[in-house]
Amino acid sequence: MIGLISATAAGAAARDRLAAAWPGRTRVYDGSGGSVGDAVRLAFAECDRLVCFLATGAVVRIVAPLLGDKASDPGIVCVDEAGRFAVSLVGGHGGGANELAREVGGLLGAEPVITTATDAVGLPGLDTLGFPFEGDVAAVSRALLDGEPVALEAELAWPLPPLPVGTHGAYTVRVTDRAVGPTEREAVLRPPSLVVGVGASKGAPVDEVLALVEDALRDAGLSVKSVAALATVDAKAGEPGIVGAAERLGVPVVTYAAEELAAVEVPNPSDAPLAAVGTPSVAEAAALAGGGELLVPKRKSVRADGLPAMATCAVVRRVPRGRLAVVGLGPGARDLLTPRAKDELRRAAVLVGLDQYVDQIRDLLRPGTRILESGLGAEEERARTAVAEARRGQAVALIGSGDAGVYAMASPALAEASDDIDVVGVPGVTAALAAGAILGAPLGHDHVSISLSDLHTPWEVIERRVRAAAEADIVVTFYNPRSRGRDWQLPKALAILAEHREPSTPVGVVRNASRPDQSSLLTTLAGLDPAVVDMMTVVTVGNTATREIAGRMVTPRGYRWQEEPK
Ligand code: SAH
């Protein structure tokens with residue numbers, strides 16, 4: 001719960017905007033009867049995060065005596081009277097105040113003020129990677145920040161955000177699920193790599209299940225902090241011993257249908273579960289159902305009272321899943337790059353793209369990002385590289401201008417990809433839309449994009465599609481319209497459209513939309529000089545209803561204008 005505290009009318013107005021935007025997430029503390037200090041103190045006790053529409057000094061004085069451990073104190077954000085700044089005051093990482101300051105800033109239009117060192121320079125704090133960690137995290141983070149050599153020893157290729165690490169250094173970041181204790185100057189990150197399959201008889205006590213799981217991990221030299229889930233059969237989804245053990249471990253229970261488990265090949269099947277729940281294996285099969293390597297075969301619990309065991313477990317190391325983000329950068333201008341695209345770029349450890357697009361966003365990348373750039377043409381190879389890196393378990397971003405799915409990298413990449421990686425698409429503003437906004441409203445009714453490049457498509461196919469658009473009276477945006485070696489296609493395509501449209505049909509030509517040397521021209525089918533068109537350009541041809549109105553190209557949403565007497 002996020003506690004909201006304000007003292008003035010302006011503060012209350014901003015507070016109400018947050019409360020309205022985040023229904024169910026916030027609680028207002030108005031200090032009814034008491035002072036603002038009482039309200040802050042109460043919120044501090046009851047909430048995990050606070051937004052105070054108060055001066056930082058006032059809040060510091062009120063909470064100073066209450067502060068305890070940075071792991072358990074609530075995160076506190078202060079917003080000034082004018083709503084210009086959202087200051088992360090206390091609990092930047094652990095308390096989530098940095099994240100909250102960014103969220104509040106986004107909502108109120110305030111600048112987030114974040115002073116935590118790792119966040120401020122764009123390094124992820126080691127404690128914010130979303131993995132449990134052990135060891136001297138503060139010292140290693142400081143070394144990373146100071147640019148001292150830090151070695152990465154990753155036993156598991158789990159998709160990590162970029163870290164400026166190398167192969168040698170006085171400090172070490174170790175990524176492992178093995179129960180090796182951190183040594184001096186070492187931070188150990190625990191990836192969620194282990195799945196423990198569990199079977200239990202009705203009424204098996206929580207302690208028996210938990211002890212079994214912990215013993216199995218300890219004997220195998222594995223860390224309990226790397227357990228991602230307990231897995232079992234559907235029929236045991238509500239078994240209190242399993243649910244309770246998962247709760248104590250802080251992991252979810254994943255369940256599978258008995259038929260599904262029966263189909264999993266296991267080393268130690270038995271008749272007992274077959275009769276009870278319809279599969280010859282629960283623990284081993286549930287652990288293996290998501291794929292991976294069996295590290296601990298089925299073992300039974302041992303009871304102090306000597307009665308028969310009520311629980312079984314088996315441990316599997318999952319195959320790490322890499323992540324491929326296919327990110328559209330928009331037409332060029334930084335403010336047409338979406339916030340989501342920006343997040344994905346900063347999350348990726350490996351960036352793959354055409355050199356000129358990499359240049360467009362280089363300043364956004366986190367230190368340590370591995371950049372694989374290549375020149376024009378090497379499309380297939382770029383797609384293959386990106387997928388191969390993701391398959392190795394990396395967090396990869398494959399970038400393209402405009403939308404990465406429009407005449408760009410998404411389809412060659414996904415044609416290569418298999419289902420062993422996670423794929424995330426981030427849409428971008430494609431050239432037709434960027435140009436449309438500059439021209440007016442040319443796409444107000446049905447429209448189509450056609451690439452005039454006959455590099456990948458035979459000209460007959462392109463021509464057939466242009467003809468179909470012409471006959472169907474659809475607005476057309478031409479991508480890849482004309483290059484030095486490819487100059488007859490555009491006049492030919494325009495001639496086909498002219499068979500069905502007046503010579504006076506508006507045509508918009510936009511070059512370098514949203515880039516510093518943007519230019520645009522509104523002309524007609526008869527008036528267009530193809531020489532002004534090149535590969536940095538899109539050409540949008542109106543339909544029979546499109547008009548030039550006050551210097552803008554407008555296609556009406558219906559055909560009403562056409563019916564009116566001219
Ligand atoms: N994925 C891109 C398109 C790649 S094809 C997108 O969604 O926009 C390359 C063609 O796109 C260029 O030849 C040009 O016709 C067009 N294009 C891309 N960016 C442009 C821009 N900023 N201004 C004008 N045309 C652009």
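Keep in mind the model is a prediction, meaning the values are calculated, not measured.

## Here's the deal with the overall build of the protein
For the protein, the count of helices and strands is 19 helices and 28 strands. Taking all contacts inside the protein whose residues are at least 6 apart in sequence as the whole, residues at least 24 apart take part in 64%. Summing over all exposed atoms, the protein offers an accessible surface of approximately 26200 Å²; the carbon and sulfur share of this is 52%. If the 55 positive side-chain charges of the protein are averaged to one point and the 69 negative ones to another, these points end up 2 Å apart.

## Some details on the site of the ligand
Close contacts around the ligand come from 20 residues, with Val406, Thr430, Ala513, Met535 and Thr537 the closest. Contact between the ligand and Thr430: an oxygen atom at 2.6 Å from a side-chain N or O atom of the residue. Ala513 places a main-chain nitrogen or oxygen 2.8 Å from a nitrogen atom of the ligand. Residue composition of the shell around the ligand, grouped by class: twelve nonpolar, six polar and two charged. Looking at which domains feed residues into the shell around the ligand, each of domain 4 (323–429) and domain 5 (432–554) supplies at least three.

## Quick notes on the domain arrangement of the protein
Segmenting the protein into domains produces domain 1 (2–115), domain 2 (131–189), domain 3 (195–317), domain 4 (323–429) and domain 5 (432–554). Taking the mean C-alpha position of each, domain 3 and domain 4 sit 40 Å from one another.

## Overview of the sheet that holds strand β22 (residues 447–451)
Where strands meet in a sheet, backbone hydrogen bonds hold them as pairs that are either parallel or antiparallel. On the basis of which strands lie adjacent, the open sheet formed by five strands has the order β22-β23-β26-β24-β25 and mixed pairing. Two strands bound the open sheet, and with one partner strand each, they are β22 and β25 (519–524). Taken over all neighbouring pairs, the strand axes of this sheet differ in orientation by 20° on average, direction set aside. When strand β24 (residues 506–511) meets strand β26 (residues 537–541), the two strands line up antiparallel, connected through five bridges. What sits directly across from Val509, in β26, is Val539. With respect to the sheet, helix α17 (residues 459–471) is in contact with β22 and β23 (475–479), its orientation differing from that of β22 by roughly 160°. Along the sheet, helix α18 (residues 489–498) contacts β23 and β26; its crossing angle with β23, the most-contacted strand, is approximately 175°.

## Section: the side chain of Ser451
If you trace the backbone, Ser451 turns up in strand β22. By relative accessible area, Ser451 is classed as buried at 14%. At a separation of 3.2 Å, a polar atom in the side chain of Ser451 contacts the main-chain amide nitrogen of Ser453. Looking at Ser451, its side chain comes within polar contact range of the side chain of Asn480, at 3.0 Å.

## Details of the side chain of Thr540
Following the sequence through the fold, Thr540 ends up in strand β26. Judged by its relative accessible area of 1%, Thr540 is buried. Here Thr477 takes part through its side chain, which lies 3.1 Å from a polar atom of the side chain of Thr540. Residues contacting Thr540, with those up to four places away along its chain left out, are Leu439, Pro442, Leu443, Val475, Val476, Thr477, Pro506, Val507, Gly508 and Met553.

## As for helix α4 (residues 97–108)
Given a rise of 1.5 Å per residue, twelve residues ought to cover 16 Å, and the 16 Å separating the end C-alpha atoms of α4 matches this to within 8%. The set of residues buried in α4 consists of Ala97, Asn98, Leu100, Ala101, Val104, Gly105 and Leu108. Down the axis of α4, the sector holding all buried residues measures 160°, keeping them to one side. Gly109 lies just past α4 and shows a positive phi near 75°.

## With respect to the environment of Thr26
Along the chain, Thr26 turns up in strand β2 (residues 26–29). According to the relative accessible area criterion, Thr26 is buried, its value standing at 16%. Between the C-alpha atom of Thr26 and that of Ile2, which follows or precedes it by 24 residues, the distance is 4.5 Å. Discounting residues that sit within four places of it in the chain, Thr26 has contacts with Met1, Ile2, Leu4 and Ala19.

## So, the environment of Gly96
Within the secondary structure, Gly96 sits in the loop between β5 (85–90) and α4. Assessed through its relative accessible area of 15%, Gly96 is described here as buried. Along the backbone, Gly96 and Val77 are 19 residues apart, and their C-alpha atoms lie at a distance of 9.5 Å. Residues within four places of Gly96 in sequence aside, it is in contact with Arg49 and Gly91.

## Some details on the sheet that holds strand β15 (residues 311–317)
Sheet architecture is open: five strands sit in the order β13-β12-β11-β15-β14, paired in mixed fashion. Edge positions in the sheet fall to β13 (253–256) and β14 (293–300), since each has one partner strand and no second. Neighbour-to-neighbour, the strand axes of the sheet open up by a mean angle of 25°, direction not taken into account. Summarising the sheet, strand β11 (residues 194–200) and strand β12 (residues 227–233) pair through four bridges and their orientation is parallel. If you follow Leu194 over to β12, its bridge partner there is Val227.

## Overview of empty space enclosed by the protein
Empty pockets left among the atoms are what a rolling probe the size of a water molecule brings to light. Summed over the entire model, instances satisfying the criterion amount to one cavity of 30 Å³ or more. Forming the boundary of the largest cavity are Arg323, Ala325, Glu344, Arg347, Ala348, Ala395 and Val396. Elements with a contribution of two residues or more to the lining of the largest cavity: β16 (322–328), α12 (339–347) and β19 (395–400). Of the residues assigned to the lining of the largest cavity, the class counts are four nonpolar, no polar and three charged.

## Some words on the packing of aromatic side chains
Overall, the coordinates contain two aromatic pairs when judged by the stated rule. For the pair Trp459 and Trp488, a centre-to-centre distance of 5.1 Å together with 75° between the ring planes defines the contact as edge-to-face. Remark: Trp488 occurs in the loop between β23 and α18 and Trp459 occurs in helix α17; sequence separation between them is 29 residues. Since its relative accessible area comes to 11%, Trp459 is described here as buried. Judged by its relative accessible area of 45%, Trp488 falls in the partly exposed class. Geometry around Trp22 places Arg25 over its ring, the cationic atom sitting 4.5 Å from the centre.

Parameters and conventions
Residues numbered from 1 in each chain as written. Predicted model: local features only at pLDDT ≥ 70, side-chain atom pairs only at ≥ 80, totals over all residues. Heavy atoms only, no water. Helix = DSSP H or I, 4+ residues; strand = E, 2+ residues; numbered from the N terminus. Contact = heavy atoms within 4.5 Å. Areas by Shrake-Rupley, 256 points an atom, 1.4 Å probe, with all protein chains shown as cover. Lys, Arg positive; Asp, Glu negative; His and termini not counted. Charge placed at Lys NZ, Arg CZ, Asp CG, Glu CD. Near = heavy atom within 4 Å. Polar contact = N/O pair within 3.5 Å; in protein donor to acceptor, adjacent residues only side chain to side chain. Nonpolar A, V, L, I, M, F, W, Y, C, P; charged D, E, K, R; others polar. Domains from an automatic or database assignment. Pairing = 2+ DSSP bridges. Axes fitted to C-alpha atoms, helices over the stretch in contact; angles between N-to-C directions. Buried < 20%, exposed > 50% of the residue type's maximum accessible area, 1.4 Å probe, protein only. Expected span 1.5 Å × (residues − 1). Arc of directions from axis to C-beta. 1 Å grid on protein atoms, 1.4 Å probe; cavity = no way out; pocket = protein on both sides within 12 Å on 5 of 7 lines; lining within 4 Å. Points joined across faces, edges and corners; volume = space filled by probe spheres on them. Phe/Tyr/Trp six-rings, centres within 6.5 Å; stacked < 30°, edge-to-face > 60°. Lys NZ or Arg CZ within 6 Å of the ring centre and 35° of its normal.

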